[in-house]
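Fold and contact review
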Amino acid sequence: MDVVQHDIIIVGGGGAGLRAAIAAVEADPKISVALVSKVYPMRSHTVSAEGGAAAVARSDDSLELHGYDTVKGSDFLGDQDVIQYFVEHAPKELTRLEHWGCPWSRNEDGTVATRAFGGMTTKRTWYAADKVGFHMLHTLFQTSMKYDRIVRYDEHFVTKLLVDGGAVHGVVSLDIRTGALKTIRGRAVVLCTGGAGKIFPFTTNGTIKTGDGMSLAYREGVALKDMEFIQYHPTGLPGTGILITEATRGEGGFLRDKDGVRFLVERDYGLGKKAELGPRDMISRAIHQEIKAGRGCVGPYGEYVNLDLTHLGEAKINERLPFVRLLSKTYVGVDPVKEPIPIRPVVHYMMGGIDVDITGATKIAGLYAAGETACASLNGANRLGSNSLTECLVFGARSGEEALRYAKNAGSANEAVLQEQAKTEVARIESLRGRKKGGERISVIRRELNQAMENGCGVYREQKTMQTAVAEVAQLKGRFADLGLQDESKVFNTELINALELGNMLDCAEAVTVSSASRKESRGAHACADYPNRDDQNYLYHTLCYFGAAGPRLDKKAVTLGKWQPEERKY
Ligand SMILES: Cc1cc2nc3c(=O)[nH]c(=O)nc-3n(C[C@H](O)[C@H](O)[C@H](O)COP(=O)(O)OP(=O)(O)OC[C@H]3O[C@@H](n4cnc5c(N)ncnc54)[C@H](O)[C@@H]3O)c2cc1C
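Source: prediction; values computed, not measured.

Quick look at the site of the ligand now. The full set close to the ligand counts 38 residues, and S37, S44, H45, T46 and E372 are the nearest of them. Residue T46 places a side-chain N or O atom 2.5 Å away from an oxygen atom belonging to the ligand. Contacts to the ligand include D212, whose side-chain N or O atom sits 2.9 Å from a nitrogen atom. A total of 1000 Å² of accessible area belongs to the ligand in isolation, and the protein chains cover 99% of it.

This part takes up the nonpolar core. In this structure, L161, V189, L191, I199, I354, L449 and M453 are the most contacted members of the largest nonpolar core, which totals 78 residues. For this core, the element with the most residues is helix 15 (residues 494–518), which contributes 11 residues. Excluding residues that lie within four positions of it along the chain, V189 makes contacts with I9, V11, L161, V168, G170, V171, G366, L367 and Y368. Ranked by size, the runner-up nonpolar core spans 43 residues in total, among them W100, W104, A370 and C392.

Here we take up the environment of M1. Mapped onto the fold, M1 is located in the segment before strand 1 (2–5). Spatially, the C-alpha atom of M1 lies 28 Å from that of R43, the residues being 42 residues apart in sequence. What M1 contacts, discounting residues up to four positions off in sequence, is V172, L181, K182, T183, A422 and V426.

This paragraph deals with the domain arrangement of the protein chain. Examined at the domain level, the protein chain breaks down into domain 1 (235–346) and domain 2 (432–540). Distance from the C-alpha centre of domain 1 to the C-alpha centre of domain 2: 29 Å. Residue-level contacts link 6 residues of domain 1 with 5 residues of domain 2. On the domain 1 side of the contact with domain 2, D281, R285 and H288 bury the most area, a combined 74% of that side's loss. Counting across the interface, domain 1 meets domain 2 through 0 salt bridges. Ranked by residue count, the leading element in the side of domain 1 that touches domain 2 is helix 8 (residues 280–292), at 5 residues. Here the side of domain 1 that touches domain 2 is composed, by residue class, of 1 nonpolar, 3 polar and 2 charged.

With that settled, consider the side chain of K198. Note that K198 resides in the loop between strand 11 (188–191) and helix 5 (212–219). Although K198 is buried, it makes no salt bridge; E501 carries the closest opposite charge, 9.8 Å away.

If you walk through the whole model with that rule in mind, you get 3 cavities of 30 Å³ or more. Each pocket or cavity is described by its volume, and for the largest cavity that value is around 50 Å³. Looking at the largest cavity, the residues that line it are I230, Q231, Y232, D281, S284, R285, V459 and A525. The set of elements that each furnish at least two residues to the lining of the largest cavity consists of strand 13 (230–236) and helix 8. Looking at the lining of the largest cavity residue by residue, the class counts come to 4 nonpolar, 2 polar and 2 charged. Considering only enclosed or pocket space, the second largest cavity measures out at about 40 Å³ in volume.

Let us now look at the packing of aromatic side chains. Summed over the entire model, instances satisfying the criterion amount to 8 aromatic pairs. Ring centres 6.0 Å apart and planes at 55° place the aromatic pair Y68 and W564 in the tilted group. Pair noted here: Y68 is in helix 2 (residues 63–73) and W564 is in the segment after strand 24 (553–558), with a separation of 496 residues, a long-range link. Judged by centre distance (5.8 Å) and plane angle (40°), the rings of Y539 and Y541 are tilted. Look at Y539 and you get buried, because its relative accessible area is 14%.

In this model, helix 3 (residues 80–99) (20 residues) spans 29 Å end to end at C-alpha, consistent with the 28 Å of a helix rising 1.5 Å per residue. The sharpest bend along helix 3 reaches about 35° and sits at H89, with the proline P91 one to four residues further on. Burial in helix 3 covers these residues: Q80, V82, I83, Y85, F86, V87, A90, P91, E93, L94 and L97. In the core, the buried residues of helix 3 are packed alongside helix 1 (15–27), strand 4 (53–54), helix 2, strand 6 (125–126), helix 4 (132–144) and helix 11 (387–408). G101 sits one or two residues past helix 3 and shows a positive phi near 120°.

A word on the environment of Q84. Position of Q84 among the secondary structure elements: in helix 3. Note: C-alpha distance between Q84 and Y68 (16 residues apart in sequence) is 9.4 Å.

With that settled, consider unusual backbone geometry. You will see that D226, though not glycine, has its phi angle at about 55°, which is positive. Residue position: D226 is located in the loop between strand 12 (224–225) and strand 13. With a relative accessible area of 1%, D226 lands in the buried category. Despite not being glycine, S386 shows a phi value in the positive range, around 80°. Relative accessible area serves as the criterion here: at 3%, S386 is assigned to the buried category.

Let us look at the sheet that holds strand 8 (residues 156–164). Here we have 4 strands laid out as an open sheet, ordered 1-10-9-8, and mixed in their pairing. A single partner strand is all that each edge strand has here, and the edge strands are strand 1 and strand 8. Here the average twist between neighbouring strands, direction ignored, is 25°. Note: strand 9 (residues 167–175) against strand 10 (residues 181–185), 5 bridges, orientation antiparallel.

Here 5 strands make up an open sheet; going across it, the order is 20-18-12-23-24 and the pairing mixed. Either end of the sheet is taken by a strand with one partner, and the two such strands are strand 20 (374–375) and strand 24. Packed on one face of the sheet, helix 15 meets strand 12, strand 23 (541–546) and strand 24 and runs near 140° to strand 23.

Conventions adopted
Residues numbered from 1 in each chain as written. Predicted model: local features only at pLDDT ≥ 70, side-chain atom pairs only at ≥ 80, totals over all residues. Heavy atoms only, no water. Near = heavy atom within 4 Å. Polar contact = N/O pair within 3.5 Å; in protein donor to acceptor, adjacent residues only side chain to side chain. Areas by Shrake-Rupley, 256 points an atom, 1.4 Å probe, with all protein chains shown as cover. Core = buried A, V, L, I, M, F, W, Y, C linked by side-chain atoms within 4.5 Å. Buried < 20%, exposed > 50% of the residue type's maximum accessible area, 1.4 Å probe, protein only. Helix = DSSP H or I, 4+ residues; strand = E, 2+ residues; numbered from the N terminus. Contact = heavy atoms within 4.5 Å. Domains from an automatic or database assignment. Buried area = accessible area lost by both parts, 1.4 Å probe. Salt bridge = Lys/Arg side-chain N within 4 Å of Asp/Glu carboxyl O. Nonpolar A, V, L, I, M, F, W, Y, C, P; charged D, E, K, R; others polar. Lys, Arg positive; Asp, Glu negative; His and termini not counted. 1 Å grid on protein atoms, 1.4 Å probe; cavity = no way out; pocket = protein on both sides within 12 Å on 5 of 7 lines; lining within 4 Å. Points joined across faces, edges and corners; volume = space filled by probe spheres on them. Phe/Tyr/Trp six-rings, centres within 6.5 Å; stacked < 30°, edge-to-face > 60°. Expected span 1.5 Å × (residues − 1). Bend = angle between axes of the 7 residues up to and from the residue. Pairing = 2+ DSSP bridges. Axes fitted to C-alpha atoms, helices over the stretch in contact; angles between N-to-C directions.

Structural data, given as structure tokens:
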């Protein structure tokens, strides 16, 4: 088995991973960084982001306002020290990206243009038309290529963390192209592996978002934090789940019921004047209620409401939302210049993730996490749209720098122990490849998992349905052990990859269902029909879910409050 050595290993080539890698090599020109990614970096989910990245830029805005909006959006579950750090570093990061070549859209006078986004007091979202993730990721990827100390392992799938004596010392990785396993050794590891939206059937998330990094950390004893908070984006295309960005509403789009009524204005959903510019959790619930009340339209993929852009005019749509026009025409046969777009809420983002502190550190020495896979508690119970791309930059950079600092003084490892771990991992993977003896199929377990999650942890939840989902996921985990695989080949064995991803998704789903069922209140995206109110007395804490061979264990962590005390969340 090949063994390669670097100082720092970054797992993930999306926004967070690339930013972490650049931060590390910029801080020390001699450092060697392995950038390991299961897909070519430009195929990471970051590339599909459309709407924009938030940071204070205008004279009518302030760090204070961005901080307050984020705290309120989080339904007071965000950690205020983390939020403070985030809003302070956000403008610097987006300006830095501009210097690296990111083509932000401009105002007439040449200043950076910003658009309105949900739950934000003023126009704070920087954009490059509606292809923001594409431009940001390109900028980061090209910048990373300046540094030959960033050594890329593209299409390498990390299957295990090598941990000994409470510290991480490397990873085991499968070269998807050849089927060979190798050990990548490093003194620090940063997980930037993205979210796990694929545990749900109807999602904006790319196929690769299977929660691998969350599962890797969970299996080594790191808690998954606040996993009950799943973000439903209000506007996905029925059928495919393809996202229609919030920028459509930021640019002035309206939501209408089947009779053309702007229900967010005409009916009381607690959004006041914010209407279409309210936060995602509240608008998703409003759409759900409209449909339940019989005011949705009926289509081939179930009921939906309409997103109306027709009043914006062709010129504005072409300039600001060209991608939305293309997506709508291609996937639902609708030209938004002439007709409204059918939409319904769709699973989009995970507020929860690997439990890290403000530096990105986990409780395992040398193990860091950033981006969507991590939960530093910026987003609390509900993320504001456009904070996530910026989060990847701010905390990607921080964790890259912190990993470097740690790596310089890291202790040595017990070689025999690590070799034994790697050997066991190789045996596990080899025994899975083409294992014919099992009776279960990947596609069946995956479909049942998706259904269990949708039934149990949707826009609205109930104790009964959540408990059912807990039991179903546990049962599916049991059946996973009896998986049968057909493909024995080494080269691009996608069946093997799918099996590994399914195992990771089951871990994430376990944490989501168990954490959800434990929170008997409604807060942010966690809306319980049987516990409709927020309960700060009993539930103002972060949920920690720990892996256990006999089933998960839950714990709590205090929320870091600050100048903003919890109050009723009204807009
Ligand atoms: C359609 C869509 C639109 C969005 N629009 C916006 C927006 O406008 N504004 C905003 O703020 N946010 C937006 N978001 C959210 C935001 O884009 C993501 O949260 C963010 O890009 C995640 O970046 P990341 O670096 O954490 O992970 P990703 O970009 O998902 O990258 C994960 C990386 O990890 C690698 N990886 C995963 N598992 C393994 C493994 N086992 N081994 C090796 N490598 C692995 C992958 O190869 C990939 O390189 C959007 C999300 C979606 C889905």
